[in-house]
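For reference, the chains in residue letters:
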Amino acid sequence: MTDLAIETAGLTKRYGDETAVDDLSLEIEPGVVYGFLGPNGAGKTTTMRMLTTLTRPTAGTARVVGQSVENRDAVTPHIGYLPEEPPIYDELTGREQLEYAAGLRDLPEEAACERIESMLERFDLLEDADKRIDAYSKGMRQKVGVIQAVLHDPDVAFLDEPTSGLDPRAARTMRETIADLADREMTIFLSTHILPVVDELADTIGVLHEGRLVAEGDPETLKRRAEAGAVADATGGRTLEDVFLEVTDTDEYVDQRA
Amino acid sequence: MNWSRTIALVTAVRHRVELRRRRKHPQLGFAVLLGATFGTLSIVGQLPLPRYERLWPEPGAYHYGTLAATHPDAVLALAREVAAVAIVVIAGLASLTAVVSDDWEDPPVELVTAVPLPAAILGVLGDELLESAWFVGPVAVGGGLAFTAGTGRLVTVVGTAVGAAAVVAMGLLAGTAAGLGFRTAIRRSPRLYGARYAVGAVTLFLTFMGLGISRAAGAALARSPLGWYGDLLLATTPAVPTASGRVLLALAAAGGVLATALAAVVATARSLWFAETVLDDGTVDADGSRSRFEPFLARLVAPRTAAVVRATWRRIRRSPRAMIYVLLPFALVGPASVELSASRPGFVPVLVTLYAASAVGMGTTLNPLGNERVALPAILTTPGGRTSVLHGHAVAALLPGAPFVVAAAVVTGLFGGYHPAVLLALVVAALALVVAGVGVSLGVGAFLPNLEGPANATLVPPELYAMFAYLLAMSVVASPSLAGFGDAAFGHSPTTSAAVATVLTVALAAAVGTAGYRYAARTLERFEADGVEN
């Protein structure tokens, strides 16, 4: 059980009469990039909040690196989280923000400074590192948020739309960084609407629709299954977008988990 | 296009959004109700109701209404003074609001791309005025009705209604125009613009101090054209010898002032929204970002707490408006202490100590959730983040604040001629009050958070009602000290009185301060990322 990076069983979250996440069961191995897809309002963010201990599940269980999400103190040392809006202070500079995050995590000062420098350089932020964040563009803020989320080398990083607001070059850097992190055995739980990113990076994809997991598998398997179940498009193949549209059709969906 | 309809629509929609925000935090609505109730009761004053006179013995509008027939000259003189002072006070508060309000910082894109700019500005102004009216309105209406009831003549209500409307409208609009004018004038200087909160608060503080200390200031204002509005208020009150010329002049002046103020608001808001005069690329001088207290930090607190303290100081230095209320306790109670220093100097040291201790908790600790709002997911997913943040905000306030409070206690105690033992007791009580004050501040701030700001990631001043609730709580915590040290100044056994006061203060401060801190910690723990508490 504890070998899994993320494990949920019957995970459910209700707000009053509304069910945001319904009976979600996941098993994610360590070092995997898990692409978490779903239309707006499907319950992706709520799922991430439950897995990061920010919202309590209404029913079911969830474990991250073997620790129950009901136990915040046990889970938080193992995770990093980039929410949709980067959790950074406008008044600090990029470098100060990252030093603050390192301090809050109690990272050794020298090692933290080295890591911050290298990450700033990697994301082309060194030149602006001593400017206040309120003068940053959306993409620059996003970069600071991502660096902050993985600065302490967590076992599992939850990234909500990490490429949002990034220009093509920065988006590529982000994809390469995520791939590197996964190579270092970090599990990445990646939520995004940008399907090519998931197609390129994800080892496994889960598609959430109306709170339920309606498809799961590696990108190629999902595409093959979609191909088998529908007429191929004009180019003769099926894209991840076709799969996504098919399984999240609001009129009717078919459970296509592998 | 129907301009008035457009402006009314913008005002209504913006205000509906604000009301829904307040509904989401019912404690804020309750605080507004409490403030308006207290203000209304104060202006209405004693009423001939069973038991009420014992509950509220202070004379107010009703009482002076009953005197209108028998002492018309005295009532008219008082009305002139009250009207003039009310205009100045309302204008002062409105100008401070205009100086700090986020509504005037950036143009609301959805409005300026849809309706003519003046309509957008006046719509936003309407929303701002409505927000102020939630507090000022009941006070003005209550005062007018109580005065009318006191005179026993229904016709009085016409004058009081028109007069009160003129006083409130003039104060709010002229104040807003003045505040926006000041803001526009300093926009070219990023340094001055950043310090506008402090400048505005100090100016308001000095104004209120002047009005509070000197009766002559009120009398002088009553002799100015502002006093005409006293005549307008009582224009239809039988037997009061108002000057009809003044009444007409007051009405004409009100029309002129309102038109000028509206034009000024449109011009200054246009400039604030669109003039790109703040040339600040966000570069920070590396040396300038370090505080003189930083060398002590590593020795004093855990590294995690030190990181929060360091970040908090930097944020305060770059968002000084979060500290806007630090001066206000002095503005509210300063005049009373100045009067006391002449009549009962023995009270001054303990009062100054209490003010100073309260001021320490008026900064970021009074809005712990609001100041962290967008960062909460990161804090709550960091081991010990919740504790570090609360400790960090507390230490960031106490490290510069506690020595200041102790120094204030020692200096005023020495000047007040306190016996060394009494002085020592005062220092102990001061330390207890300042530490407990921060705990109380965290608790009150967690209960009445200000979760709105220009952006999600900046420091924001505490909720106004949190400040009042905090001051109320601190006055309760300090009550043994006030009583004990007051007795020590005039009684026969000062050392005993001071010792008892200190023991009681320390005990009460420890209990209330701990409760406040625990409440804040529980609230932060329960806080869910989507703003819903478990």
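From a predicted model like this one, the values you see are computed outputs, not experimental measurements.

(A) Representation of the nonpolar core in the model. Counting 70 residues, the largest nonpolar core has A:Ile6, A:Tyr34, A:Leu51, A:Val64, A:Phe158, A:Phe189 and B:Phe485 as the members making the most contacts within it. At 13 residues, helix α20 (residues 420-447) of chain B tops the list of elements feeding residues into this core. Not counting residues up to four positions away in its chain, the partners in contact with A:Phe158 are A:Ile6, A:Met48, A:Leu51, A:Thr52, A:Val64, A:Ile79, A:Gly80, A:Tyr81, A:Leu82 and A:Phe189. Listed in part, the 36 residues of the second largest apolar core include A:Ile88, A:Ala101, A:Ala149 and A:Ile188.

(B) Main features of the packing of aromatic side chains. Tallied over the full model, the rule gives 8 aromatic pairs over all chains. Measuring from ring centre to ring centre gives 5.4 Å for A:Tyr89 and A:Tyr100, while their planes differ by 55°; the resulting arrangement is tilted. A residue pair is termed long-range when its members are at least 10 positions apart, and A:Tyr89 in the loop between β6 (79-82) and α3 (94-104) and A:Tyr100 in helix α3 qualify at 11 residues. Classification of A:Tyr89 by relative accessible area gives buried; the value is 2%. Ring-pair connections join several aromatic residues into one group, and the members of that group are A:Tyr34, A:Phe36, A:Phe158 and A:Phe189. It is B:Arg187 that lies over the ring of B:Tyr193; its NZ or CZ is 4.9 Å from the centre.

(C) Structural detail: the confidence of the model for chain A. All names here are of chain A. Looking at chain A as a whole, its pLDDT mean stands at 86, while 90% of the residues score no less than 70. For chain A, strand β11 (residues 256-257) is the element with the lowest average pLDDT, namely 51, and strand β4 (residues 59-64) is the one with the highest, namely 96. Here residues 231-235 is a poorly scored stretch, pLDDT under 50, and it has 5 contacts once near neighbours within four places are set aside; other chains count.

(D) Expanded view of the sheet that holds strand β2 (residues 18-28) of chain A. Residue and element names in this part refer to chain A. Pairing is antiparallel in the open sheet, where 4 strands are placed in the order β2-β1-β4-β5. The open sheet has two edge strands, β2 and β5 (67-68), and neither has a second partner. Looking at chain direction, strand β1 (residues 6-15) and β4 are connected through 5 bridges and run antiparallel. From the neighbouring strand, Thr8 faces β4, where its bridge partner is Ala62.

(E) Representation of a nonpolar patch on the surface within the structure. Residues and elements named next belong to chain B. On the surface, Val155, Val158, Val162, Leu248 and Leu251 cluster together into a nonpolar patch covering about 410 Å² of accessible area. Those elements that place two or more of their residues in the nonpolar patch are α8 (156-185) and α13 (244-274). Residue position: Leu251 is located in helix α13. Given a relative accessible area of 42%, Leu251 falls into the partly exposed group.

(F) Fine view of the packing of helix α7 (residues 117-151) of chain B against α8(B). All names here are of chain B. Where α7 contacts α8, the two axes come as close as 9 Å, and the packing angle between them is 150°. Judged by the angle between their axes, α7 and α8 are roughly antiparallel. Considering the relative orientation of α7 and α8, their crossing is right-handed. Across the interface between the two elements, Leu125, Leu129, Ser132, Val136, Ala140, Gly144, Leu145, Phe147, Thr148 and Thr151 of α7 pack against Thr156, Val157, Thr160, Ala164, Val168, Leu172, Leu173 and Thr176 of α8.

(G) The interface of chain A and chain B, seen in detail. Contact with chain A, which involves 36 residues of that partner, is made by 39 residues of chain B. When chain A packs against chain B, the two sides together hide about 3200 Å² of surface, and 55% of this comes from carbon and sulfur. Where chain A meets chain B, there are 4 salt bridges. With a closest N to O distance of 3.1 Å, A:Arg72 and B:Glu525 form a salt bridge. Going through the elements one at a time, β1, β6, α3 and α5 (138-150) of chain A are the ones with two or more residues in the side of chain A that touches chain B. No other element matches α3(A), which puts 5 residues into the side of chain A that touches chain B.

(H) Structural context of the packing of helix α19 (residues 385-415) of chain B against α20(B). Residue and element names in this part refer to chain B. α20 packs onto α19 with a crossing angle of 155° between their chain directions and a minimal axis gap of 9 Å. In terms of orientation, α19 and α20 fall into the roughly antiparallel class. Like other packed secondary-structure pairs, α19 and α20 cross with a definite hand, here right-handed. Residues Leu390, Ala394, Ala397, Leu398, Ala402, Val405, Val406, Ala409, Val410, Gly413 and Leu414 of α19 form the contact with α20, whose participating residues are Leu423, Leu426, Val427, Ala430, Leu431, Val434, Val435, Val438 and Leu442. In the contact of α19 with α20, the residues fall into 19 nonpolar, 1 polar and no charged.

(I) Representation of the pairing of strand β8 (residues 187-191) of chain A. Residue and element names in this part refer to chain A. Most of β8 is tucked away, with 5 of its 5 residues classed as buried. Across the two faces of β8 the burial is the same, with Thr187, Phe189 and Ser191 and Ile188 and Leu190 all buried. Here strand β3 (residues 33-37) pairs with β8 via 4 bridges, running parallel. In the sheet register, Phe36 faces β8, and the bridge partner there is Ser191.

(J) Summary view of the pattern of salt bridges. If you walk through the whole model with that rule in mind, you get 22 salt bridges over all chains. Across the pair A:Asp134 and A:Arg132 runs a salt bridge whose closest N-O atoms are separated by 3.3 Å. Residue class for A:Asp134 comes out partly exposed when judged on its relative accessible area of 41%. A salt bridge links B:Arg14 to B:Asp103; its shortest N-O distance comes to 3.2 Å. On the criterion of sequence distance, the pair formed by B:Arg14 in helix α1 (residues 3-24) and B:Asp103 in the loop between α5 (72-100) and α6 (109-112) is long-range, its members being 89 residues apart. Through salt bridges with shared partners, a single network forms among A:Arg72, B:Arg386 and B:Glu525.

About the thresholds
Residues numbered from 1 in each chain as written. Chains lettered and ligands numbered in written order. Predicted model: local features only at pLDDT ≥ 70, side-chain atom pairs only at ≥ 80, totals over all residues. Heavy atoms only, no water. Core = buried A, V, L, I, M, F, W, Y, C linked by side-chain atoms within 4.5 Å. Buried < 20%, exposed > 50% of the residue type's maximum accessible area, 1.4 Å probe, protein only. Helix = DSSP H or I, 4+ residues; strand = E, 2+ residues; numbered from the N terminus. Contact = heavy atoms within 4.5 Å. Phe/Tyr/Trp six-rings, centres within 6.5 Å; stacked < 30°, edge-to-face > 60°. Lys NZ or Arg CZ within 6 Å of the ring centre and 35° of its normal. pLDDT = per-residue confidence, 0-100. Pairing = 2+ DSSP bridges. Patch = residues over 30% accessible without salt bridge, like charges linked within 9 Å, V, L, I, M, F, W, Y side chains within 5 Å. Areas by Shrake-Rupley, 256 points an atom, 1.4 Å probe, with all protein chains shown as cover. Salt bridge = Lys/Arg side-chain N within 4 Å of Asp/Glu carboxyl O. Axes fitted to C-alpha atoms, helices over the stretch in contact; angles between N-to-C directions. Parallel < 35°, antiparallel > 145°, perpendicular 65-115°, else oblique. Left-handed = near helix turned anticlockwise from the far one by under 90°. Buried area = accessible area lost by both parts, 1.4 Å probe. Nonpolar A, V, L, I, M, F, W, Y, C, P; charged D, E, K, R; others polar.

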